[in-house]
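Now for the letters of each chain:
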Amino acid sequence: MGSLDGSMGEMLRLLGRKSRHNYIQIGVSSRCNHGCAMCPRTVFRDRWTSADMTLETYGRIAENLVNVRNVYLSGWGEPLLNPHFQEMVRLAKEAGCTVGFTTNGARLDDETMGQLIDDRVDLVSLSLAGATAPTHDSRRIGSRFDDVIGKLERLRELKKRRRSESPRVLLLFMMFRDNLGELPEVVRLAERVGAGGVVATNLDYVGHAAMDDLRAFTCGDAPEGSGDEIDAAKNLAERLGVEFTAFPLGLGRVRLCSEDPLNNLYVSEDGEVSPCVYLNPPMPEVPRIFCGEEAVVPRTSFGNINERSLPEIWKSDGYSSFRSQLKKLAEGNSPLLPEECRSCYKAYGL
């Protein structure tokens, strides 16, 4: 699972290229080979649509990539399950984009890793639920911590053998109530496997009580003592030369969420174009629990790339109106979030 393991804004910031659109995030697959306890695909399996983006749909997006800075090939599933993944990478690189994706690591065999190096993929983000096997394996059902770390060590070896700095590796550590104490260990792990950074992320999409019980953050001030664990990891990262970012553990308010929907957009595996991944899971509706209150938001799309061009969708009245409301908020001229965003934790800095 990609999107819930970290802010796209934070990961894509590490790619750093500039052009008309900052980033396009593309959900190339909503399938997954794991059954993670915190994933909506697991919790809502009865209403989840598992599918791969076709190369034809991707081609409709690729027509616009010359005007895009960075491409992130991850949505609600495991991107390496898409049989056209390598061709999708090549089309984005040929357009001059930087390319990254998030993976659970299960499909990172030697052939795949070699191809990532050959294709000059810029960033590979690896999802972790802990810095030890018992913690990680208990949450990411089907994943084996030792196997994942072994593959990262193998990737480091292959990069060294080929004298390649790419792809850069980023560890995404999802913070839960019971694993914050492992933050310093994941920093040591990053240094050991040659990862350039660690992003400690929140379980920022909560759609069910079983998910709500796992989150580390609160709807008030950050939990007592949590700052000490984050500070310890940050200090260790500075000593080891590992870039470290941790998201807040207490609810705040930001004028524009880290997904930056004024400049970024998301295209789902079936071609639906949305402001961000959190508004476009492969379900008819988006159930949420926000600070103890249940909410349901419709799946939000402003058009399908298979039916209209991306510029037409971007400039459409509905999409323009949505961005206009966000722009007023970002400039301090409006106190109101779009209704679709009010029950999303990303709108409050998490």
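Note that the coordinates shown come from a computational prediction; the quantities given were computed from them, not determined experimentally.

Here we come to the overall build of the chain. Counting its regular elements, the chain contains 12 helices and 11 strands. The C-alpha radius of gyration of the chain comes to 19 Å, within 12% of the 20 Å expected for a compact globule of 350 residues. Overall, the C-alpha framework of the chain stretches about 50 × 45 × 40 Å when taken along its three principal axes. Across the 350 residues that make up the chain, the buried fraction comes to 58%. Carbon and sulfur atoms make up 45% of the accessible area of the chain, which amounts to about 14000 Å² in all. Looking at charge distribution, the chain has the averaged site of its 43 positive side-chain charges lying 4 Å from that of its 49 negative ones.

In this section: the side chain of asparagine 179. As for its placement among the helices and strands, asparagine 179 is situated in the loop between strand S5 (168-174) and helix H8 (183-193). Among the polar contacts listed, one links the side chain of asparagine 179 to the backbone nitrogen of phenylalanine 176, at a separation of 2.7 Å. With residues near it in sequence (within four places) discarded, asparagine 179 still touches Ala129, Gly130, Thr135, Phe173 and Met174.

The subject of this paragraph is the state of the cysteines. Scanning all chains against the criterion turns up 1 disulfide. The disulfide partner of cysteine 219 is cysteine 291, and the gap between their sulfur atoms is 2.0 Å. Negative torsions about the S-S bond denote left-handed disulfides, and the value of about -100° found for cysteine 219 with cysteine 291 makes this one left-handed. Within this pair, whereas cysteine 219 is found in the loop between helix H9 (209-212) and helix H10 (226-240), its partner cysteine 291 is found in the loop between strand S10 (285-290) and strand S11 (293-298), the two being separated by 72 residues in sequence. By relative accessible area, which is 32% here, cysteine 219 ends up partly exposed. Cysteine 257 carries a free sulfur, and the closest cysteine sulfur to it, the one in cysteine 276, is 6.1 Å from it.

Bridge count for S10 against S11 is 6 bridges, and the pairing is antiparallel. Residue proline 287 lies in a different strand from S11, and its bridge partner there is valine 296. Taken together, S10 and the strand that follows it, S11, pair antiparallel across an intervening segment of 2 residues, in which cysteine 291 is found at a positive phi of about 50°.

Over its 17 residues, helix H7 (residues 145-161) extends 25 Å from the first C-alpha to the last, a length consistent with the 24 Å expected when each residue adds 1.5 Å. Buried within H7 we find Phe145, Val148, Ile149, Leu152, Leu155, Leu158 and Lys159. For H7, the elements touching its buried residues are helix H5 (110-118), strand S4 (123-128), helix H6 (133-139), S5 and H8. Once H7 finishes, arginine 163 follows within two positions and takes phi at roughly 55°, a positive value.

A few words on unusual backbone geometry. The amide bond that connects serine 166 to the next residue, proline 167, takes the cis arrangement and shows omega of 0°. Residue placement: proline 167 occurs in the loop between H7 and S5. Here arginine 163, not a glycine, exhibits a phi torsion of approximately 55°, which is positive. The residue arginine 163 is located in the loop between H7 and S5 in this model. Look at arginine 163 and you get exposed, because its relative accessible area is 78%. Of note, the phi angle at aspartate 260 is positive, near 45°, even though the residue is not glycine. Structurally, the position occupied by aspartate 260 is in the loop between strand S7 (243-246) and strand S8 (265-267). Take aspartate 260: its relative accessible area is 16%, and that puts it in the buried class.

The next subject is the pattern of salt bridges. Taken as a whole, this structure holds 16 salt bridges when the rule is applied. Between arginine 168 and glutamate 243 there is a salt bridge, with the nearest N and O atoms lying 3.2 Å from each other. Residue arginine 168 is located in strand S5, and its partner glutamate 243 is located in strand S7; the two are separated by 75 residues in the primary sequence. Counted as one network, the salt bridges with shared partners bring together Asp110, Arg154, Glu157 and Arg161.

About the cut-offs
- Residues numbered from 1 in each chain as written.
- Predicted model: local features only at pLDDT ≥ 70, side-chain atom pairs only at ≥ 80, totals over all residues.
- Heavy atoms only, no water.
- Helix = DSSP H or I, 4+ residues; strand = E, 2+ residues; numbered from the N terminus.
- Rg over C-alpha atoms; globule rule 2.2 N^0.38 Å.
- Buried < 20%, exposed > 50% of the residue type's maximum accessible area, 1.4 Å probe, protein only.
- Areas by Shrake-Rupley, 256 points an atom, 1.4 Å probe, with all protein chains shown as cover.
- Lys, Arg positive; Asp, Glu negative; His and termini not counted.
- Charge placed at Lys NZ, Arg CZ, Asp CG, Glu CD.
- Polar contact = N/O pair within 3.5 Å; in protein donor to acceptor, adjacent residues only side chain to side chain.
- Contact = heavy atoms within 4.5 Å.
- Disulfide = S-S within 2.5 Å.
- Pairing = 2+ DSSP bridges.
- Expected span 1.5 Å × (residues − 1).
- Salt bridge = Lys/Arg side-chain N within 4 Å of Asp/Glu carboxyl O.

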